[in-house]
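Descriptive analysis of the structure
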Amino acid sequence: MVGDKSFGSRLFNFTNLTLLAIIALLCVLPFIHVLAASFTTSAELAEKRFVLFPTVWSLDAYRYIFSTDTVMRSMMISIGVTLGGTAFSMFLSTLTAYGLSRQDLVGRRFIMFFIVFTMLFNGGMIPTFLVVQQTGLLNSLAALVIPVAINAFNMIILKSFFQNLPAGLEESAKIDGCSDFGILFRIVIPCSMPAIATISLFYAVTYWNTYMHAILYLSDSSKWPVQVLLRQIVVLASGLNYDGAEFTSVPPPEITIKMAVIVVATIPVLIVYPFLQKYFAKGALIGSMKG
Amino acid sequence: MRSIKKNKWLYLMIAPGLLYFFVYKYIPMYGLIIAFQDYKPYLGITGSEWVGFQHFERLFTSPEFWMIFRNTLVLFALQILVFFPIPIIIALMLNEVRNQMFKKSVQTLIYIPHFMSWVVIVSISFVMLTLDGGIINSVIEALGFQKINFLMNPDTFRPMYILQVIWREAGWGTIIFLAAIAAVDPQLYEAAKMDGANRLRQAWHITLPAIRSVIVVLLILKIGDVLELGFEHVYLLLNASNREVGEIFDTYVYTAGLKQGQFSYSTAVGFFKGIVGLILVMFANWLAKKAGEEGVY
């Protein structure tokens, strides 16, 4: 294809690049619009409709949402759940993945089946709810973490990564008298940073975005993470509440405030994304191709 | 026995993980027996009365069930027929890009929506689709048409659902196809070029057959998710006006079970869904093996 300068080929290239550019823009323009709209006034928004770069700047929406403690509190809850949950999940997943990555573990195949089967079939929402209730997690933030502590798919990606490390690394460590825990923490983990970073990102994003478990397990609205709050402010305040009676009688917030809450619920993901992006494509592939 | 002893630390390492799977995955499977009981929370599983298949009978004879079944099936069909091919097409298009900078930038941008929660995706759709001041309706009005109440309209529910799925997942879905394409032997393309194949024909006759097994595996996995259409996504879009096309098994289990307290009945609904999903995966896997592919399980 290199050096192919025929008209057909150029037309093909041009069409292809244009379409891809359009697809890429369609993916992100809505986010940019919301971001821009959150920094302007409702008047400008009403006039211009589609704002990509505000002419009138205003921080009013942010000033408003940060003046009430509802948003701040749910932000703090989300941050706490994300940090704590990611650490907890990574700890459990790494230990399990490493144990299962060792070929000399008797019963390995059976244990893998035990885990993979849970990806195919599960008890469903109600029986799981009853277990969460019986383990005393209902209405506590731990309910957002412990019942989903290990994602089988993420764990298998880690396991595949560990399995593909050169066997010599572990053997030489063992000869030097290193214990299994020593091998894991001093050799395997430091050598697996791309995979660890990728899977941590996956867990962190899941915890930040958690919504379903919050509405299932937390009835106390003072414990709601930011995603639940966002739904209250944008979806329910539009008068579209399906289940009724959840929303208070406050007047529907101004459109710029809705925009600002969307931004607030999104920004942390966008901040970590560029740093980890170089890892995740590689990390996800290693697992999925060889898993 | 000696090797078990030798590896006692390894077993200690996996013990917490296995405990997790046991408690939060296998005990709920045991809990499915409440589908055959008249479960009362204060009596528990051991104390509640057995009612056999009563809840399933109620399920199969209710008109609601067929509405939900149909809705679930339609959304699933949209996922397979409309959504599934799109990542493959985008991956093929990206593969033709020679400018690495451009390719990387497009990839970076199209992956982003995958990392947003459904709440964010739905919220952005809401502010853009809303009747008073939403950009989409402003454009429709400017073009001289009637505004459309997208959010409370049964006719727009399904297009809205699948477009949001595409927006959030299509870019991310390209990752695995791109990797599979990268593994194709370049000599095949050289040979095809000698035979005078242009780039479209090369994609059709070489790239697609070469990544066939990856496509099949992902299709099986997708079918495995068959009834996991996303409780969150659908629940966020549901309202009283579009319920007749939007209510699916998961949202129904939630409302009937947790909101209305019909634990046994909604467990039966969830159980039915789980069994159908399992059978579909087995079937897809069997079909793939018949067709000479490896299968997943």
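Counting of residues starts from 1 at the beginning of each chain's written sequence and follows it residue by residue. Here every chain gets a letter starting at A, and every ligand a number starting at 1, in the order they are written. Residue-level local features of this predicted model are given only where pLDDT is at least 70; pairs of side-chain atoms are given and counted only at 80 or more, and the full residue set underlies all totals for whole chains, interfaces and linings. The side-chain quantities take in all heavy atoms of the structure and omit both hydrogens and water.

1. A word on the overall build of chain B
Of regular secondary structure, chain B possesses 17 helices and two strands. We take the radius of gyration over the C-alpha atoms and set the globule estimate at 2.2 Å times the residue count to the 0.38 power. Here chain B has a C-alpha radius of gyration of 24 Å; the compact-globule value for 297 residues is 19 Å, and the former is much larger. Overall, chain B is about 75 × 75 × 35 Å in size when its C-alpha atoms are taken along their principal axes. Partly exposed describes any residue whose relative accessible area lies between the buried limit of under 20% and the exposed limit of over 50%, with all areas from a 1.4 Å probe on protein chains only and scaled to the type maximum. Within the span of chain B, comprising 297 residues, buried residues form 54% of the whole. Here Asp and Glu are counted as negative and Lys and Arg as positive; His is not counted, and neither are the chain ends. Note on charges: their place is set at NZ of Lys, CZ of Arg, CG of Asp or CD of Glu. Of the side chains in chain B, 24 bear a positive and 20 a negative charge, and the two mean positions are spaced by 10 Å. For the purposes of this entry, the term helix denotes a DSSP run of H or I that reaches at least four residues, the term strand denotes a run of E that reaches at least two, and both are numbered from the N terminus.

2. Overview of the overall build of chain A
Regarding its fold elements, chain A presents 13 helices and zero strands. Starting at the N terminus, the α and β elements of chain A follow one another as α-α-α-α-α-α-α-α-α-α-α-α-α. When the 291 residues of chain A are sorted by exposure, 51% land in the buried category. Residues count as neighbours in contact if any of their non-hydrogen atoms are within 4.5 Å of one another. If you take every contact in chain A between residues at least 6 apart in sequence, the share linking residues at least 24 apart comes to 71%. Per-residue and other accessible areas were derived by the Shrake-Rupley procedure at a 1.4 Å probe size, with only the shown protein chains allowed to occlude residues. With an accessible surface of roughly 13,100 Å², chain A has 68% of that area assigned to carbon and sulfur atoms.

3. As for the domain arrangement of chain A
Residues and elements named next belong to chain A. Marked domain ranges trace back to an automatic or database domain assignment. Its domain assignment divides chain A into domain 1 (7-58) and domain 2 (61-289). A straight line from the C-alpha centre of domain 1 to that of domain 2 covers 31 Å. Each partner contributes residues to the interface: domain 1 has 10 residues there, and domain 2 has nine residues. Its largest share of buried area at the contact with domain 2, domain 1 owes to Val-34, Ser-38 and Ser-42, together 53% of the area lost on that side. By salt bridge we mean one thing: a side-chain nitrogen of Lys or Arg within 4 Å of a carboxyl oxygen of Asp or Glu. The tally of links between domain 1 and domain 2 comes to zero salt bridges. For the side of domain 1 that touches domain 2, the elements supplying multiple residues, two or more each, are helix H1 (7-38) and helix H2 (42-48). Considering each element in turn, the side of domain 1 that touches domain 2 owes the most residues, five residues, to H1. Amino acid classes used here: Ala, Val, Leu, Ile, Met, Phe, Trp, Tyr, Cys and Pro are nonpolar; Asp, Glu, Lys and Arg are charged; the rest, including Gly, are polar. Across the side of domain 1 that touches domain 2, the residue classes tally to five nonpolar, five polar and no charged. Here's the idea: put two parts together, see how much 1.4 Å probe accessible area each one loses, and the total over both is what we call buried area.

4. Digging into the environment of His33(A)
Residues and elements named next belong to chain A. Along the chain, His-33 falls in helix H1. Residue class for His-33 comes out buried when judged on its relative accessible area of 2%. Spatially, the C-alpha atom of His-33 lies 30 Å from that of Ala-197, the residues being 164 residues apart in sequence.

5. Concerning the packing of helix H13 (residues 212-224) of chain B against helix H17 (residues 263-290) of chain B
Residues and elements named next belong to chain B. Interhelical geometry of H13 versus H17 gives an angle of 165 degrees and a closest axis separation of 8 Å. Classified by the angle their axes make, H13 and H17 are roughly antiparallel. In the packing of H13 onto H17, the handedness of the crossing is right-handed. Listed contacts from H17 to Val-216, Ile-220, Ile-223 and Gly-224 of H13 are Leu-280, Val-281, Ala-284, Asn-285 and Ala-288. Angles run from 0 to 180 degrees between N-to-C directions of axes, and those axes are lines fitted to C-alpha atoms, restricted for helices to the stretch in contact. By the definition adopted for this analysis, an angle is roughly parallel if under 35 degrees, roughly antiparallel if over 145, roughly perpendicular if from 65 to 115, and oblique otherwise. Should the near helix be turned anticlockwise from the far one by less than a right angle, the crossing is left-handed, and should it be turned clockwise, the crossing is right-handed.

6. What to know about the interface of chain A and chain B
Facing 94 residues of chain A, the contacting portion of chain B comprises 92 residues. Buried surface at the junction of chain A and chain B, both sides included, amounts to about 8,700 Å², of which 79% is carbon and sulfur. Think of a polar contact as two N or O atoms within 3.5 Å of one another; within protein, one of them needs to be a possible hydrogen donor and the other a possible acceptor, and neighboring residues in sequence only count if both atoms come from side chains. Run the count over chain A and chain B and you get 14 residue pairs in polar contact (both at pLDDT 80 or more). Counting residues per element, the side of chain A that touches chain B draws most heavily on H1(A), at 17 residues. In terms of residue class, the side of chain A that touches chain B is made up of 68 nonpolar, 18 polar and eight charged.

7. Observations regarding a nonpolar patch on the surface
All names here are of chain A. Think of a patch as exposed residues, more than 30% relative accessible area, with no salt bridge, where like charges cluster within 9 Å and nonpolar side chains (Val, Leu, Ile, Met, Phe, Trp, Tyr) cluster within 5 Å. Where nonpolar side chains cluster on the molecular surface, the patch consists of Leu-35, Ile-267, Leu-270, Ile-271, Val-272 and Phe-275 and spans about 500 Å² of accessible area. Ranked by residue count, the leading element in the nonpolar patch is helix H13 (residues 255-290), at five residues. The topology assignment puts Ile-271 in helix H13.

8. Description of helix H16 (residues 249-259) of chain B
Across the 11 residues that make up H16(B), a large majority, nine, are buried. Among the residues making up H16(B), those that are buried are Phe249(B), Asp250(B), Thr251(B), Tyr252(B), Val253(B), Tyr254(B), Thr255(B), Ala256(B) and Gly257(B). In this fold, the buried residues of H16(B) make contact with helix H6 (125-134) and helix H11 (212-217) of chain A together with helix H5 (63-83), helix H14 (231-237), helix H15 (243-246) and H17 of chain B. Backbone geometry just downstream of H16(B) places Gly261(B) in the positive-phi region, at approximately 75 degrees.

9. A short note on the UniProt feature "transmembrane region" (unreviewed entry) in chain A
Residue and element names in this part refer to chain A. Mapped onto this numbering, the UniProt entry gives "transmembrane region" (unreviewed entry) at residues 12-36, 75-98, 110-132, 138-162, 183-208 and 255-276. Helix makes up 96% of residues 183-208 and strand 0%. Its end C-alpha atoms lie 32 Å apart. For residues 255-276, helix accounts for 100% and strand for 0%, while the C-alpha atoms at its two ends are 32 Å apart. UniProt positions are given in the numbering used here, feature names are shortened, and annotations may be inferred rather than shown by experiment.

10. Comments concerning the packing of aromatic side chains
Classification of ring pairs uses Phe, Tyr and Trp, with its six-membered ring standing for Trp, and accepts pairs whose centres are within 6.5 Å; under 30 degrees between planes counts as stacked, over 60 as edge-to-face, and the remaining range as tilted. Here the structure, examined in full by the defined rule, presents 40 aromatic pairs over all chains. Consider the rings of Tyr98(A) and Phe162(A), whose centres lie 6.2 Å apart with planes at 70 degrees: the pair is edge-to-face. Of this pair, Tyr98(A) sits in helix H4 (residues 69-101) while Phe162(A) sits in helix H7 (residues 152-163), and the two are 64 residues apart along the sequence. Look at Phe202(A) and Trp172(B): their rings are 5.9 Å apart centre to centre, the planes differ by 80 degrees, and that puts the pair in the edge-to-face class.

11. Side note on the state of the cysteines
To count as a disulfide, a pair of cysteine sulfur atoms needs to be within 2.5 Å. Evaluation of the coordinates by the stated rule reveals zero disulfides over all chains. Cys178(A) takes part in no disulfide bond, and the closest cysteine sulfur, belonging to Cys191(A), lies 12 Å away.

12. So, the pattern of salt bridges
Across all of its chains, the model carries 10 salt bridges over all chains by this definition. Between Asp104(A) and Arg102(A) there is a salt bridge, with the nearest N and O atoms lying 3.3 Å from each other. Using a relative accessible area of 27% as the deciding quantity, one classes Asp104(A) as partly exposed. A salt bridge links Arg168(B) to Glu169(B), with the shortest nitrogen-to-oxygen separation between them at 2.9 Å. Across the pair, exposure class does not vary: Arg168(B) and Glu169(B) are buried alike. Salt bridges sharing partners connect three or more residues here, namely Arg102(A), Asp104(A) and Asp180(A).

13. Observations regarding unusual backbone geometry
Backbone geometry places Asn139(A), a non-glycine residue, at a positive phi of 65 degrees. By relative accessible area, which is 25% here, Asn139(A) ends up partly exposed.

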